[in-house]
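Residue-level structural notes
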Amino acid sequence: QVQLVESGGGLVQVGGSLRLSCAASGRTFSNYTMGWFRQPPGKEREFVARISYSGRSTNYADSVKGRFTISRDNAKNTVYLQMNSLKPEDTAVYYCAADTNPWPGVRIDEYDYWGQGTQVTVSS
C-alpha cells in the first residue's frame, strides 16, 4: 500500500512552465512504477507519462513529448513532472499513479494507487 499526494498545480500563462511533485509514502517506493495522468474538463482520464523503478525508462503521450519530463528521486520518495511550453489544451487535473508491475501500460486500470489530483490551468 502506498499513499500519493500531488502538489505544484496552479494557473500559468501559455508558454509557461510548472513542476508537479508527487510525494509517496512507504519505504518500498523504488519498487513502484510511477505514472502521471490527466483529466481535462469533460473528458476521460488519459495517460501522460510513466517511469520505471530505477528511472532509467520513461514513456510519454504523443501530446506532451518534447515538452514534459518525468523524473523520480527514490531517496525522497518523490516523482516529478516538469511541464514546459504549456498550452491551453494541457488544462486538466493531473494525477499521480503507482503500480508494482515492472512496466504497466497506459490504461488507468493498470495502476493500483492514485493521488487526489492537482489542478493545472493554462491561460492565454
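The structure contained in this document is the topic of the report that follows. Here the structure is a predicted model, which is why all the values come from computation and not from measurement.

Reading the values: the criteria
- The numbering scheme is per chain: residues are counted from 1 as the chain's sequence reads.
- Only residues with pLDDT of 70 or above have their local features reported here, since the model is predicted, and side-chain atom pairs are shown and tallied only from 80 upward, although totals for entire chains, interfaces and linings are computed over all residues.
- Computation of side-chain values covers all heavy atoms of the structure but excludes hydrogens and water.
- The term disulfide is used for any two cysteine sulfur atoms that are within 2.5 Å.
- For the purposes of this entry, the term helix denotes a DSSP run of H or I that reaches at least four residues, the term strand denotes a run of E that reaches at least two, and both are numbered from the N terminus.
- Two strands are counted as paired when DSSP detects at least two bridges linking them.
- Note on definitions: angles span 0 to 180 degrees between N-to-C directions of axes, and those axes are lines fitted to C-alpha atoms, for helices only across the stretch in contact.

For the structure on display, the rule yields one disulfide. One disulfide in the model links Cys-22 with Cys-96; its S-S distance is 2.1 Å. Taking the torsion about the S-S bond as the criterion, the Cys-22 to Cys-96 disulfide, at about -80°, is left-handed. One end of the pair, Cys-22, is in strand E3 (residues 18-24); the other, Cys-96, is in strand E9 (residues 92-99), with 74 residues separating them in the sequence.

In this section: the sheet that holds strand E1 (residues 4-7). Taken in spatial order, the four strands of this open sheet run E1-E3-E8-E7, and their pairing is antiparallel. The strands lining the two open edges of the sheet, one partner per strand, are E1 and strand E7 (68-73). Here the strands of the sheet are splayed against their neighbours by 15° on average, with no regard to which way each runs. Relative to E3, E1 is paired through four bridges, and the arrangement is antiparallel. Residue Glu-6 lies in a different strand from E3, and its bridge partner there is Cys-22.

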